[in-house]
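# Summary of structural features
As a plain string of letters, each chain reads:
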Amino acid sequence: MKIFNENMKLETERLLLKEINEGHTEDILRIRSNKVINQYVKRNSPKNNYDALEFILHIKRKTQEKEIIFWGISYKNSSSLIGTICLWNFSEDRKTAEVGYELLPEYHRKGIMSEALTAVLDCGFNELQLKEIVAVTNRFNENSGQLLLKHHFVLEEDKKDEDYPDNIIFSLKKANY
């Protein structure tokens, strides 16, 4: 895996994880308004290209302010995004962050998110020197839970998401990575 300087582009065997921009408006609309993805996520989904563009500009601002690192996921031979993955919700001391991800359903069960997550965990622990990465997922999202367990995340049964009781919290410490 290669990491390219400050824009944090990541490359895996099949995938390119790259910064999103205005050229990805239709991809972001397709991903973030997908009913299968959104059944497990509480958010205001974009209704049109304007909403998707507004989200992209929001992400670009949060990236410049170093509040989030957000990658669009594409196959190396394609410019179209098939999903996203991010590190966000950094602790004040920048030792902990939360990982979030989404993938269009037609790409599920192909190892794509596992490959992307491996790259992001490597970046988080080795480049950013994080001590812990947390993941919050809906307890009914079995694919997400299985993905996290495969990557050695541990279910934090004593931790609760007060705002969303259906969510469960996993964590991975660098020592266990």
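Report follows, based on the coordinates.

Rules and cut-offs
Residues numbered from 1 in each chain as written. Predicted model: local features only at pLDDT ≥ 70, side-chain atom pairs only at ≥ 80, totals over all residues. Heavy atoms only, no water. Core = buried A, V, L, I, M, F, W, Y, C linked by side-chain atoms within 4.5 Å. Buried < 20%, exposed > 50% of the residue type's maximum accessible area, 1.4 Å probe, protein only. Helix = DSSP H or I, 4+ residues; strand = E, 2+ residues; numbered from the N terminus. Contact = heavy atoms within 4.5 Å. Phe/Tyr/Trp six-rings, centres within 6.5 Å; stacked < 30°, edge-to-face > 60°. Axes fitted to C-alpha atoms, helices over the stretch in contact; angles between N-to-C directions. Parallel < 35°, antiparallel > 145°, perpendicular 65-115°, else oblique. Nonpolar A, V, L, I, M, F, W, Y, C, P; charged D, E, K, R; others polar.

## Looking at the nonpolar core
Leu17, Trp71, Ile73, Ile85, Leu87, Val99 and Phe153 are the most contacted members of the largest nonpolar core, which has 31 residues in total. With nine residues, helix 4 (residues 112-127) is the single largest residue contributor to this core. In terms of nonpolar packing, the next biggest core, distinct from the first, is built from 14 residues, Ile31, Ile37, Ile56 and Leu104 among them.

## As for the environment of Ile20
Along the chain, Ile20 falls in the loop between strand 3 (15-18) and helix 1 (25-32). Here Ile20 falls in the buried class, since its relative accessible area comes to 2%. On a C-alpha basis, the gap between Ile20 and Ile73 in space is 9.1 Å, while along the polypeptide they are 53 residues apart. Other than its neighbours up to four places away in sequence, Ile20 contacts Ile28, Phe55, Ile56, Ile59, Lys60, Phe70, Trp71, Gly72 and Leu81.

## Here we look at the packing of aromatic side chains
Taken as a whole and assessed by the stated rule, the structure comprises two aromatic pairs. Judged by centre distance (5.7 Å) and plane angle (70°), the ring pair of Phe55 and Phe70 falls under edge-to-face. Residue Phe55 is located in helix 3 (residues 49-64), and its partner Phe70 is located in strand 4 (residues 68-75); the two are separated by 15 residues in the primary sequence. Accessibility assignment for this pair places Phe55 and Phe70 in one class, buried.

## What to know about the packing of helix 1 against helix 3
At their nearest, the axes of helix 1 and helix 3 sit 8 Å apart, and the two run at 100° to each other. The angle between helix 1 and helix 3 falls in the class roughly perpendicular. Residues Thr25, Glu26, Ile28, Leu29 and Arg32 of helix 1 touch helix 3, and the partners they reach there are Asn49, Ala52, Leu53, Phe55 and Ile56. Tallied by class, residues from the contact of helix 1 with helix 3 come to six nonpolar, two polar and two charged.

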